[in-house]
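As a plain string of letters, each chain reads:
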Amino acid sequence: MKKIVTIAMLFTVLMVTMSAHTERTHEAAEGYNAPAMTITTNDTTVSLTDMKGYYVMLTFWDSTDPKSRIAANTYTSLARMGASNERLKVLSVNFDRSERLYREIVRHDGLEDALNVNIAPGQARETLAAAWNLKSGMKSYLIDPQGKIAAVNPTKDQVKKIIG
């Protein structure tokens, strides 16, 4: 009987450990592979796979979240600086419902240097939000050249330090 209880306990511990690890891999967390992402809009197709070999600053933002809008501008200006622009690509994904508002903000904030896409409301937006864990506000991710998440919501100094 002791042997059966011991085996059952070991099995339970193993299952809890595996499920905790499995959950974490889907959180878009630091140190894990970035979720696969391909975005197709009317005039653009963007894939993280196409950006392997570069650091990618991926920013999800919308005009109702001031922090994310400021972050999109900060990371775009960082990409313009010095040698980092050869190693860093900026992908800015906007969740505004109005494409007209989105285009006006991109122009006004000077975000043209980044690759900007607007995701219309619908299934693609919800799938993207779930994959990148965007439940409570927008986020930014620094993805290394191998496709792993190096930092979540990094500061400008953290980005500079990681890129080198």
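Analysis parameters
Residues numbered from 1 in each chain as written. Predicted model: local features only at pLDDT ≥ 70, side-chain atom pairs only at ≥ 80, totals over all residues. Heavy atoms only, no water. Helix = DSSP H or I, 4+ residues; strand = E, 2+ residues; numbered from the N terminus. Buried < 20%, exposed > 50% of the residue type's maximum accessible area, 1.4 Å probe, protein only. Arc of directions from axis to C-beta. Contact = heavy atoms within 4.5 Å. Phe/Tyr/Trp six-rings, centres within 6.5 Å; stacked < 30°, edge-to-face > 60°. Lys NZ or Arg CZ within 6 Å of the ring centre and 35° of its normal. Pairing = 2+ DSSP bridges. Axes fitted to C-alpha atoms, helices over the stretch in contact; angles between N-to-C directions.

Caption draft 1: Region of interest: the environment of Arg-80. Structurally, Arg-80 is set in helix 2 (residues 66-80). In this structure, the C-alpha to C-alpha distance between Arg-80 and Val-90, residues ten residues apart in sequence, is 9.9 Å.

Caption draft 2: Fine view of helix 4 (residues 99-109). Three or more residues of helix 4 are buried, namely Tyr-102, Ile-105, Val-106 and Asp-109. Buried residues along helix 4 cover an arc of 100° about the axis, so they all sit on one side. The exposed residues of helix 4 that point more than 90 degrees off its buried face are Arg-100 and His-108. For helix 4, the secondary structure elements touched by its buried residues are strand 3 (55-61), helix 2, strand 4 (88-94) and strand 5 (115-118). Once helix 4 ends, the next one or two residues include Gly-110, with phi positive near 70°.

Caption draft 3: Molecular detail of the packing of aromatic side chains. In total, this model carries five aromatic pairs according to the counting rule given. The interplanar angle of 80° and the centroid separation of 6.0 Å between the aromatic rings of Phe-60 and Phe-95 together place this pair among those described as edge-to-face. Here the residue Phe-60 occupies a position in strand 3, and Phe-95 occupies one in the loop between strand 4 and helix 4, the gap between them amounting to 35 residues. A single burial state applies to Phe-60 and to Phe-95, both of which are buried. Members of the aromatic cluster, connected to one another through ring pairs, are Phe-60, Phe-95, Trp-132 and Tyr-141. The ring of Tyr-54 is capped by Lys-89, whose NZ or CZ atom sits 4.4 Å from the centre of that ring.

Caption draft 4: Spotlight on the sheet that holds strand 6 (residues 140-143). Strand order across the open sheet formed by five strands is 5-4-3-6-7, with mixed pairing between neighbours. Of all the strands in the sheet, the pair left with one neighbour each is strand 5 and strand 7 (149-152). Averaged over neighbouring strand pairs, the angle between their axes works out to 20° when direction is ignored. As judged from the seven bridges shared by strand 3 and strand 4, these two strands associate in the parallel manner. Within the sheet, the bridge partner assigned to Met-57 lies in strand 4 and is Val-90. Along the sheet, helix 2 makes contact with strand 3, strand 4 and strand 6, crossing strand 3 at roughly 155°. Set on the sheet, helix 6 (residues 156-163) makes contact with strand 3, strand 4, strand 6 and strand 7; between it and strand 3 the angle comes to about 155°.

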